[in-house]
Every structure is written in structure tokens, then in C-alpha cells.
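# Examining the three-dimensional arrangement
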Amino acid sequence: MSVVALIGAQWGDEGKGHLVDLLASKARLVIRYGGGNNAGHTVVNHLGTFKLHLIPSGIFDPATVNVIGSGVVVSPEALLTEIQGLEDRGVNTSKLFVSERAHVVMPYHVMLDKLQEEARGEGKIGTTGRGIGPAYADKMSRSGIRMADLLHEETLLNRLRGVLEEKNRLLTKLYGVKPLSLHDTYLRYLDFGHKLADHIADTHPIILRALEKDLPILLEGAQGSLLDVDHGTYPYVTSSPPGAAGACQGAGIGPTRIDSVIGVYKAYTTRVGEGPFPTEIDGPDADALRQIGTPWAEVGTTTGRLRRVGWFDAVMARYAAQVNGIDTLAITKLDVLDGVQTIKICTAYKLHETTLEFPPATTAVLEQVEPVYEEMPGWMTPTTAVRRFQDLPDNAQAYVARICQLVGARLGIISVGPDRDQTIMAAEVF
Ligand code: IMP
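If you're wondering where the values come from, they're calculated on a predicted model, not measured in any experiment.

## Here we look at the domain arrangement of the chain
Entries for the chain in the domain assignment read domain 1 (3–90 + 203–425) and domain 2 (103–196). Computed over C-alpha atoms only, the centres of domain 1 and domain 2 are separated by 29 Å. Across the boundary between the two partners, domain 1 contributes 27 residues, which contact 22 residues of domain 2. Of all residues in domain 1, Val73, Pro76 and Leu80 bury the most surface against domain 2, accounting for 28% of the area lost on that side. Taken together, domain 1 and domain 2 are joined by two salt bridges.

The structure is reproduced here in C-alpha cells:
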């Protein structure tokens, strides 16, 4: 298999960075295809612990080419900080390329993201405040600025002049805040362009060559399918399509070239930000799942917010598998359940007297559903040192098998700890 998409299949934070880091040793090209620095991938490997926001997790393997694809929205400032942070720790970033077609997150996007959230009051989405929604909105309304524009003085000035006039009217007249200076913004972004010039490229030939040579390619997802702007829990979603279709679109690879879609699922469920979460729990079980004080602690990588936690929701999980064509499951953080006596899985929703097989589209309805739980006995044994499926305690094997059965895909990978080697490979991936 040469083209594999690894996508989050819940509400993000499923532990994708950890798996991409592992699979990157087999891939020759890793492509981040969507989202922006709202993402946060924690990677723990022989070089230490890293928090990546924009750079593909394949960066730690010197033989791997890493691409930030056309579907990503890029904060040049965040990217430069990330590059510098990696270089300072001895990680070579010379094989990192950013698509010249990728859109730029501008300072007014960040300002508007925060101002719009404030204005939403009680109805806030709980965005990461990184300007992602406004940047995608501008892309779609064709007033975006792209990475290539940062390398062309005249284009940048002309595009910025037109856009900034409108944004400044919005900032001053609607929100009553200070306008941005055209001169300062132009010079600042031109400077970012100069600093990133070696990385900004036409990534299409790079990807095409890898496809022609049949090299193993990994499409690295960010966020998760339930945050998908089309298929997620709208409006409590991000502004991009983080799933398999988004992988094709954002990387510039046709759907017929994808050989496998790996859905990454945590062995339970978490969510950051607002929005419906049918299997959310509180109390001692929730505290156990949060794992505060450990490398697995359920704290948002980007915003430091405490994650909401709950039981595995097979209704949402199956739906994510269906809309993305997930054929292989990667189940992460199984070890977090090591000390949980009785584990619940939500197999259906009840809405009044009706049993629902699929998640309803409307938030107000989704907030009313009652999860139907199945209970499974925990294994109460550490699994962090296990490396083969058959060596897992029987109850853990049964739990994993039940998840695969409910979701409807084969088992591929299980992770039992934050380190690269704390992984059980149950199927060949490349
Ligand atoms: P935005 O992407 O910053 O606009 O935020 C929209 C929603 O997506 C919020 O609920 C965020 O918490 C959530 N979100 C965005 N990126 C991530 C991520 O990488 N992991 C988990 N949640 C995310």
C-alpha cells in the first residue's frame, strides 16, 4: 500500500501525532492537508517531547519529505517559531515544503476570530482563537492571501490593500477596535515571506513524483471527523474538512490513489471547546480518564484547556467510519483504561421512545439523546509493556474487538503509552 490517510475519527486529539511519528519511518512523504495551528500534535520520540502545530510529524525522520499542503491555512509567524524550535533542538527542517497555494492566516483573522467569539456570548464555539475560521472564510470568498503572494511584493501589496480596507471597516465600525496599518502589515508579511522563501514551493511536482515512484505517502490529518464542517456537529466544528475527502482535496491527490484510510480513535472519547457530547461524564471515572499529571494528561496541546471526557461513543465512531471510508482502526491510549473496573460503550442513542442508529444533525436534538450503554469488565492490569495483541489481557482484547465490530473496520494499531515503541501493530500499514 503506498498512499495512506491517517485521520482523526472523533473530536480531535486522538493521538495522531504519535502514530504519524511511528509511521513516518516507513513513509517517504508526509503531507499535512488541512487545518492550521489550531492543531496540536504531541510527539514523544528518542529526541524528546515535541508539540507540533503546523509541521508534519514526519519531520523527525531525516529521509522523509514533509509537505504542508494547499488545504492548510498557515500562520507564517507560528511556522517560523516552530521551525526555529525544531532547529534549536537539532531537528533538520530542510525537507519541509509549504504549498505556495496554501492560504495565510493574517492578523485580522486572529482578531476577528476572538471578536466573533466574544460577540457569540453564550453561543460561543470555543475556538482555539488562532484565526482559522476567518482565514477559511476569506479563502472561500476569494479574498485570501496565499503563501506565494508573500514572495511577490506587488501582488502582496495589491491584495492586502483591497482586503485590509474592508477588514479595517469591520474592525473599527462593527467591533470598535483599532485598525491595522497597511504599511506595517505589508512589511511584516513580506519579511515572513523572505524568511520562509526556502520552504515555500510548488508542492504538486513533489507529490506527483512520489506517486509516480510509488513511494509510501502518509496523509496526516489534524482535528477529527466530528469537527468536520460538513459532517461534524455543526456549528461546533472547525472550518475545514479534516476527513479522507479533505485529505485528497487538501493534498491535491485524487481519491482513486488512496489505498487505505486509517481512523484514529481514542479508546474513550474527549472533546475540547463547546458543543454536544452525548457520552460525556463527570466524577471519579472522568478524573481517571483525564490522567492529569501524566504524559497522557487530557489537556489541549494548543490551548492548554482541560479536555472534556466520556465513554467510547460507537454511534459517532461508526458514522465517522462511514463518511470517511475508514477501513482500518488505530485505537490509542488503551492503557488509560487499565485501572477502570467497568467500561461502558455507547452502542445507540435513545430519543424519547425511538432508538437512533445515526447522530442527529441538530445540536438541540443531539443534546437530548440518551446514550444506550453496554458494559464490559475492565482488565485492571497494566498494558503499557505489551507489544503483541495476543499478550493483552483477555478483557482488553474483548474490548478492542467489540469496538472494531461496532465501528465496522479491521484493527490496525493499538497504542499503550506515549513513546514511539509503546505500540501494538496488528496489521501491515504500508
Ligand atoms: P477552530 O478550529 O479554532 O475554529 O475551533 C473550532 C472547534 O474545533 C473548537 O471546538 C476547537 O476546540 C476545536 N478544535 C480545533 N482544532 C482542534 C484540534 O486540533 N484538536 C481538538 N479540537 C480542535
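Following the structure, the description resumes.
## Observations concerning the packing of helix H5 (residues 153–174) against helix H6 (residues 182–196)
If you want to describe how two helices pack, look at the angle between their axes and the distance between the axes. Close contact between H5 and H6 brings their axes to 10 Å; oriented N to C, the two are set at 140 degrees. As the angle between them shows, H5 and H6 are arranged oblique. Viewed along their axes, H5 and H6 form a crossing whose handedness is right-handed. Together, Glu153, Leu156, Leu157, Leu160, Arg161 and Leu164 of H5 and Leu182, Thr185, Tyr186, Tyr189 and Leu190 of H6 make up the contact between the two elements.

## Quick word on a nonpolar patch on the surface
The grouping of Ile292, Val299 and Leu306 at the surface amounts to a nonpolar patch, some 270 Å² of accessible area in total. Locating Ile292 in the fold gives a position in the loop between helix H9 (284–290) and strand S13 (308–310). The class of Ile292 is exposed, set by a relative accessible area of 54%.

## Regarding the sheet that holds strand S9 (residues 200–201)
Hydrogen bonds between backbone groups are what pair the strands of a sheet, and the pairing can be parallel or antiparallel. The 10 strands are arranged S9-S7-S5-S2-S10-S1-S11-S15-S19-S20 in an open sheet whose pairing can be described as mixed. The open sheet terminates on both sides in strands that have one partner only, identified here as S9 and strand S20 (423–425). Where strand S19 (residues 410–415) and S20 come together, three bridges link them in antiparallel fashion. Residue pairing for S20: Ile414 is matched across the bridge by Ile424. Across the sheet, helix H12 (residues 394–407) is in contact with strand S11 (260–266), strand S15 (328–332) and S19; its angle to S15 comes to roughly 140 degrees.

Conventions we followed
Residues numbered from 1 in each chain as written. Predicted model: local features only at pLDDT ≥ 70, side-chain atom pairs only at ≥ 80, totals over all residues. Heavy atoms only, no water. Domains from an automatic or database assignment. Contact = heavy atoms within 4.5 Å. Buried area = accessible area lost by both parts, 1.4 Å probe. Salt bridge = Lys/Arg side-chain N within 4 Å of Asp/Glu carboxyl O. Axes fitted to C-alpha atoms, helices over the stretch in contact; angles between N-to-C directions. Helix = DSSP H or I, 4+ residues; strand = E, 2+ residues; numbered from the N terminus. Parallel < 35°, antiparallel > 145°, perpendicular 65-115°, else oblique. Left-handed = near helix turned anticlockwise from the far one by under 90°. Patch = residues over 30% accessible without salt bridge, like charges linked within 9 Å, V, L, I, M, F, W, Y side chains within 5 Å. Areas by Shrake-Rupley, 256 points an atom, 1.4 Å probe, with all protein chains shown as cover. Buried < 20%, exposed > 50% of the residue type's maximum accessible area, 1.4 Å probe, protein only. Pairing = 2+ DSSP bridges.

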